[in-house]
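# Architecture at a glance
Spelled out, the chains give:
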Protein chains: 2
Amino acid sequence: MEGVEALTFDVFGTVVDWHGSVSAELKALGQDLALSGAFLAADWDAFATEWRKGYLTNTSRIAREGSDSGPLNVDILHRQILDDMLSSPRWVHVGSKLDGKTRAHLNLVWHRLNGWPDTVEGLYQLKKHVILTTLSNGNVRLLVDMAKHANLPWDLVLSAELFSCYKPNPEAYLGAIKHLSVPPEKCAMVAAHIYDLRAAAKVGMKTVYVERPGEAPGDITVKPKSEGGEVDCVVQSFVELASLFSQTH
Amino acid sequence: MEGVEALTFDVFGTVVDWHGSVSAELKALGQDLALSGAFLAADWDAFATEWRKGYLTNTSRIAREGSDSGPLNVDILHRQILDDMLSSPRWVHVGSKLDGKTRAHLNLVWHRLNGWPDTVEGLYQLKKHVILTTLSNGNVRLLVDMAKHANLPWDLVLSAELFSCYKPNPEAYLGAIKHLSVPPEKCAMVAAHIYDLRAAAKVGMKTVYVERPGEAPGDITVKPKSEGGEVDCVVQSFVELASLFSQTH
């Protein structure tokens, strides 16, 4: 990581545990609504997974097809997917119990996600050495609210929304580099998803893969270049990443 | 300030004391260069003022004439003005002593400005109640470096650069509101300059005027609406502003 001045972080899955946070809030909502008889914890896990899948499918489609093909604001996108789910055969009996106000509150659960166990300590350590910025498909307000909720000490909050696209569209990475006023090789993308790192590498950025439970398909092993792989660095946690910076900065 | 969810801050002059910080660094440079015989402290004060005036003249012209009429990155603009000054009759004998490396370092003095005495305490207090964001003509990297240097705990760093304009072009204020996902009346602009607050009010934002030494022409007194003036609120410091929020939030 020598010479790296800024780290750009993917957020959902990399910095925060979306599945744990969303399914916990859904389970609590289910209890409030007295759905516990009809609904098991596993149903809410499936609900969270389906919601996230809708997000991934839509953002990757819009990243490919352009900004006219869907909303560039993730709050709006999450709400569309939520409403579609709640009127689908599997979830319609849940949907019938959720009024507009409850849906609006539930939709903002993505603003209330918690970090992985190492996230906060790692970010505070890293902040002493380099500029820390988000580079997420999440909209700006979502990322700001999440930072206040989960104590994430960003120096800068960048969203692909600011560049009118979604990752992995190259404009997102190029926009970050431009506004950081940094040559691409002095900026490293940190993510738990190889597609994000591949897109960052294409514009010349360095790449850090962090292993997170449930974020990589089971048969993928990402290796560093020193072991014949394709990323610059593989870490298990942000604290481990910080230790690399404290050695070289 | 009831109902206000976010504060957007002008930075140069409002959050940081540009004149004190820049002239102090210039005076130290003058001593390093053994210019102390030919140069008095007053000359360096004048140098700082002329540099700043070039910035104001150029950003307001580009705000009016559009993004093709000059650089939208303040680091580039500051360097152009600096080089012009250092080849002008008044300062050419200083310029002859400053090589490219020294000029590049000096040009980044705007990344190393210090807050007013109340700035850091006030911002930390305000951060408990509302979202704090810059809305400056300074480029993103400048604002990030300044925040790390001066301990400014922004939740978000917004620059007019992100919206391809300079204040007081309305696109800057509209861009901030859009990305904060907030109705304009729930967002207040904080500035020591009335032209900035007038532009914010035109798009529906609330306005907070903070009095800062040297930032208002001598004959201007800004009053709150409650006293027949044009802004929502007048304060002497960020700590005073924070006390208003602790009463209503």
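For every chain, the first residue of its written sequence is number 1, and the numbers climb from 1 along that sequence. Working convention: letters from A go to chains and numbers from 1 go to ligands, in the order in which they are written. This being a predicted model, a pLDDT of at least 70 is required before a residue's local features are given, and a value of 80 or more before pairs of side-chain atoms are given or counted; all residues contribute to the totals for chains, interfaces and linings. Calculation of side-chain values draws on the structure's entire complement of heavy atoms; hydrogens and water are dropped beforehand.

The name given to chain A in an unreviewed UniProt entry is Haloacid dehalogenase, and the organism recorded there is Armillaria gallica.

## Quick word on the interface of chain B and chain A
What counts, and what does not: Residue contacts follow a heavy-atom distance rule, with two residues in contact if any of their heavy atoms lie within 4.5 Å. Here's the idea: put two parts together, see how much 1.4 Å probe accessible area each one loses, and the total over both is what we call buried area. We count a salt bridge whenever a side-chain nitrogen from Lys or Arg sits within 4 Å of a carboxyl oxygen from Asp or Glu. Within 3.5 Å is the distance limit for a polar contact, defined as a pair of N or O atoms, with the added protein rule that one can donate a hydrogen and the other accept it, and that residues adjacent in sequence qualify only through two side-chain atoms.
With 22 residues of chain B in contact, the opposing surface of chain A contributes 22 residues. Across the interface of chain B and chain A, roughly 1,900 Å² is buried in total on both sides, 54% from carbon and sulfur atoms. The largest per-residue losses of area from chain B upon contact with chain A belong to R141, K148 and H179 of chain B, which jointly make up 33% of the total buried on that side. Counting every contact that joins chain B to chain A gives four salt bridges. Taken together, chain B and chain A are joined by 14 residue pairs in polar contact (both at pLDDT 80 or more).

## Here we look at the packing of aromatic side chains
This is how it is decided: Each pair of aromatic rings taken from Phe, Tyr and Trp, with Trp reduced to its six-membered ring, is defined by centres within 6.5 Å and is described as stacked if the planes are under 30 degrees apart, edge-to-face if over 60, and tilted in the remaining cases. Numbered from the N terminus, helices here are DSSP runs of H or I no shorter than four residues, and strands are runs of E no shorter than two. Burial classification: accessible surface area is computed with a 1.4 Å probe over protein chains only, and a residue below 20% of its type maximum counts as buried, one above 50% as exposed, and the rest as partly exposed.
The tally for this structure, following the rule as stated, stands at 18 aromatic pairs over all chains. Centroid distance F47 of chain A to W51 of chain A: 6.2 Å. Interplanar angle 80°. Geometry classified as edge-to-face. Placement of both F47 of chain A and W51 of chain A in helix α2 (residues 41–65) is noted, with a separation of four residues, approximately one turn of the helix. Centroid distance F12 of chain B to W110 of chain B: 5.9 Å. Interplanar angle 85°. Geometry classified as edge-to-face. Note that F12 of chain B is positioned in the loop between β1 (6–9) and α1 (18–32) and W110 of chain B in the loop between α5 (100–107) and α6 (119–127), a separation of 98 residues in sequence. For the pair F12 of chain B and W110 of chain B, a shared accessibility class is recorded, and that class is buried. Taken together, the ring pairs connect F12, W18, W44, F47, W51, Y55, W91 and W110 of chain A into an aromatic cluster.

## Thoughts on the environment of R141 of chain A
Within the secondary structure layout, R141 of chain A lies in helix α7 (residues 140–150). Overall, the relative accessible area of 13% leaves R141 of chain A in the buried class. The sequence separation of R141 of chain A and D232 of chain A amounts to 91 residues, and the corresponding C-alpha distance is 31 Å. Excluding anything up to four places from it in sequence, R141 of chain A contacts H111 of chain A together with E5, I131, H179, L180, S181 and V182 of chain B. Of the polar contacts made by the side chain of R141 of chain A, one reaches the side chain of E5 of chain B; its length is 2.9 Å. At a separation of 3.0 Å, a polar atom in the side chain of R141 of chain A contacts the main-chain carbonyl oxygen of L180 of chain B.

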